[in-house]
Amino acid sequence: MLDLETALARILTALPPPQRESVPLSEAAGRVLAEAVAAPVDLPPFDNSAMDGYAVRAAEIAAATPATPVRLRVRTKIPAGEYFVGELAPGECARLFTGSPLPRGADTVVMQEDTRTDAAHPAEILICDAGATGEFVRHRGEDVQCGATLVAMGDVLTPGKISLLAATGISHVNVGQQPRIGLLATGSELREAGQPLVLSQIYESNRAMLTPLVTYAGGVPRSFPLVPDTLAATQAALAHAFAENELVITSGGASVGEMDFVKAAFEALGGQLQFWKVAMRPGKPFVFGRLGEKFLFGLPGNPVSAFVTFLLLVRPALRRWQGADDVTLPIHHGVLGEAFSNSGDRRHFVRVRMDRDGKVFPAGQQASHALASLAAADGLLDVPPATRLAVGTSVSVLRWA
Ligand code: AMP
Ligand code: MG
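Here the structure is a predicted model, which means the values were calculated and not measured.

About the thresholds
- Residues numbered from 1 in each chain as written.
- Chains lettered and ligands numbered in written order.
- Predicted model: local features only at pLDDT ≥ 70, side-chain atom pairs only at ≥ 80, totals over all residues.
- Heavy atoms only, no water.
- Domains from an automatic or database assignment.
- Buried < 20%, exposed > 50% of the residue type's maximum accessible area, 1.4 Å probe, protein only.
- Helix = DSSP H or I, 4+ residues; strand = E, 2+ residues; numbered from the N terminus.
- Arc of directions from axis to C-beta.
- Contact = heavy atoms within 4.5 Å.
- Core = buried A, V, L, I, M, F, W, Y, C linked by side-chain atoms within 4.5 Å.
- Pairing = 2+ DSSP bridges.
- Axes fitted to C-alpha atoms, helices over the stretch in contact; angles between N-to-C directions.
- Parallel < 35°, antiparallel > 145°, perpendicular 65-115°, else oblique.
- Left-handed = near helix turned anticlockwise from the far one by under 90°.
- Phe/Tyr/Trp six-rings, centres within 6.5 Å; stacked < 30°, edge-to-face > 60°.
- Lys NZ or Arg CZ within 6 Å of the ring centre and 35° of its normal.

Undergrad: So what's going on with the domain arrangement of the chain? Which residues, and what values?
TA: Interface size is often expressed as the accessible area that is lost when the parts come together. Under the domain assignment used here, the chain contains domain 1 (4-16 + 177-321), domain 2 (20-44 + 142-176), domain 3 (48-138) and domain 4 (331-398). Using C-alpha coordinates to define each centre, domain 2 is positioned 38 Å away from domain 4.

Undergrad: So, helix 3 (residues 206-216): which residues are in play, and what are the values?
TA: Along helix 3, the positions that sit buried rather than exposed are Asn-206, Arg-207, Met-209, Leu-210, Leu-213 and Val-214. The buried residues of helix 3 occupy an angular sector of 155° when projected down its axis, which confines them to one face. Away from its buried face, by an angle of more than 90 degrees, helix 3 presents the exposed residues Ala-208 and Tyr-216. Here the buried face of helix 3 lies against strand 13 (180-185), strand 16 (220-223), strand 17 (247-251), strand 21 (294-299), helix 6 (303-321) and helix 7 (372-376). Backbone geometry just after helix 3 places Gly-218 at a positive phi near 90°.

Undergrad: How would you summarise the nonpolar core if you had to cite specific residues and measurements?
TA: Judged by nonpolar contacts, the single largest core of 46 residues is most densely connected at Ile-249, Phe-286, Phe-297, Phe-310 and Leu-313. Of all the secondary-structure elements, those providing two or more residues to this core are helix 1 (4-14), strand 13, helix 3, strand 17, strand 21 and helix 6. Among the elements that make up this core, the one with the highest residue count is helix 6 (twelve residues). Looking at which domains feed residues into this core, each of domain 1 (4-16 + 177-321) and domain 4 (331-398) supplies at least three. Apart from residues lying up to four places away in sequence, Phe-297 is in contact with Ile-11, Leu-247, Val-248, Ile-249, Thr-250, Phe-286, Val-287, Phe-288, Leu-313, Val-314 and Ala-317. Val-37, Leu-150, Leu-157 and Val-175 belong to the second-largest nonpolar core, a separate cluster that totals 16 residues.

Undergrad: Residue-level account of the sheet that holds strand 9 (residues 124-127), with values.
TA: With mixed pairing, the six strands of this open sheet are ordered in space as 7-4-6-5-9-8. On the outer flanks of this sheet lie strand 7 (108-111) and strand 8 (115-117), each paired with one strand and no other. The average undirected angle you get between the axes of adjacent strands in this sheet is 40°. Here four bridges tie strand 4 (residues 53-56) to strand 7, and the two strands are oriented antiparallel to one another. Paired with Tyr-54 across the bridge in strand 7 is Val-110.

Undergrad: An account of the packing of helix 1 against helix 6 is requested, with residue identities and associated values reported.
TA: Packing of helix 1 against helix 6 brings their axes to within 10 Å, and their N-to-C directions diverge by 30°. One finds that helix 1 runs roughly parallel with respect to helix 6. Between helix 1 and helix 6 lies a crossing of right-handed hand. Only Leu-312, Leu-313, Pro-316, Ala-317 and Arg-320 of helix 6 make contact with helix 1, whose side of the interface consists of Leu-4, Ala-7, Leu-8, Ile-11 and Leu-12.

Undergrad: A description of the packing of aromatic side chains should follow, citing residues and the corresponding values.
TA: Applying the stated criterion across every chain yields a total of six aromatic pairs. Aromatic pair Phe-275 and Phe-288: ring centres 5.7 Å apart, planes at 45°, arrangement tilted. Note that Phe-275 is positioned in strand 18 (residues 272-276) and Phe-288 in strand 20 (residues 287-291), a separation of 13 residues in sequence. No difference in accessibility class separates Phe-275 from Phe-288, as the two residues are buried. Between Phe-288 and Phe-295 the ring centres are 5.7 Å apart and the planes differ by 5°, which places this aromatic pair in the stacked class. For the pair formed by Phe-288 and Phe-295, the shared burial category is buried. Put simply, the rings of Phe-275, Phe-286, Phe-288, Phe-295 and Phe-297 pair up and form one aromatic cluster. Across from the ring centre of Trp-276, 4.6 Å away, lies the NZ or CZ of Lys-277, which sits over that ring.

Undergrad: Would you mind going over the sheet that holds strand 20 in detail, with residue names and values included?
TA: What holds strands together in a sheet is hydrogen bonding between their backbones, with the strands either parallel or antiparallel. Here we have six strands laid out as an open sheet, ordered 16-13-17-21-20-18, and mixed in their pairing. Each edge of the open sheet carries a strand with a single partner, namely strand 16 and strand 18. Between one strand and the next, the sheet's axes are offset by a mean angle of 20°, whatever the strand orientation. In this sheet, strand 17 lies alongside strand 13 in parallel orientation, the contact comprising five bridges.

Written out as structure tokens, the structure is:
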């Protein structure tokens, strides 16, 4: 049986290099940059004011105090979006607003709160506080210099990165293509919501769970009809899903029973099984297969097993397909609020909840069909085989959101 890291490495090395496409920045959130982007301009693009106030020469107001204000003539008013073509002469200042370009001749901004008007001389202003040279000036290029790398290849576009790109006037970015993913649920006991259940039947829940998980991972999911447990039905469903998608995720039918048809149906289609079974709990019967340049991820049917194997083995593949560098799950550090034991011989990914202080507790019953604890969980704790972790142990909890 493969260990988790070996299984993941085999999946990632089998994937083709990412294909790129250009998308509008407005649709690029969460996408993976296919190339580094350099700044086409300086940010800010010109010296401008950080305050509502007055543009001055620092040397002229060096002696200003509330008791001994310095009087300057207001030469012009420069609203944000306009500019002054002239140059301030000695003894002059300019009325400015946040974002107004600094006029030539000025080197400093005095904020409005440090000035007084003089009713007798409406064209003049009294400066009541000295300012250090450059104070309240946002200098050209102080944030980003033209030519600097804004985002690196393999970076995921967050709202902050999109803001940075937008501020430099970039409208489109080259990103990795998103894989299209067919979702199949196998099992003759499965029914759709809205259908009446007879004894022995259950409502199908894995496609509903995998749809958002695939979306969060940047894939484009599509659910296919339920697949009864026969070789012919499974083969036909796989053929349909592979015709329209690069990747197919199945759930159920991947175990050792004579009603498990995923492996046989995939091979009958011409697919090659790469490996089967990974040493983890939940989730041992996991199938990875290749059909030309397309791939099968056969997840166990138990919903929690499907959830955990998706996060640890499929999500990284979806990220890497798009060219992401970092394919690991986010981690939160915590401290055990209860002891955790694993007496088995496989790593156990335990559903845990974390309180606001970072204390980690079991989320409830840990059987691989138990969904109340999955719904309550904030993350997974990796407990190695034959291990007891005492209360107070520092741990890293794997998160999915
Ligand atoms: P299997 O992996 O097909 O042996 O299924 C293992 C368990 O998971 C069985 O109890 C199935 O009924 C259940 N199961 C399989 N697929 C689903 C599904 N899509 N939704 C809910 N339960 C499922
Ligand atoms: Mg089944």
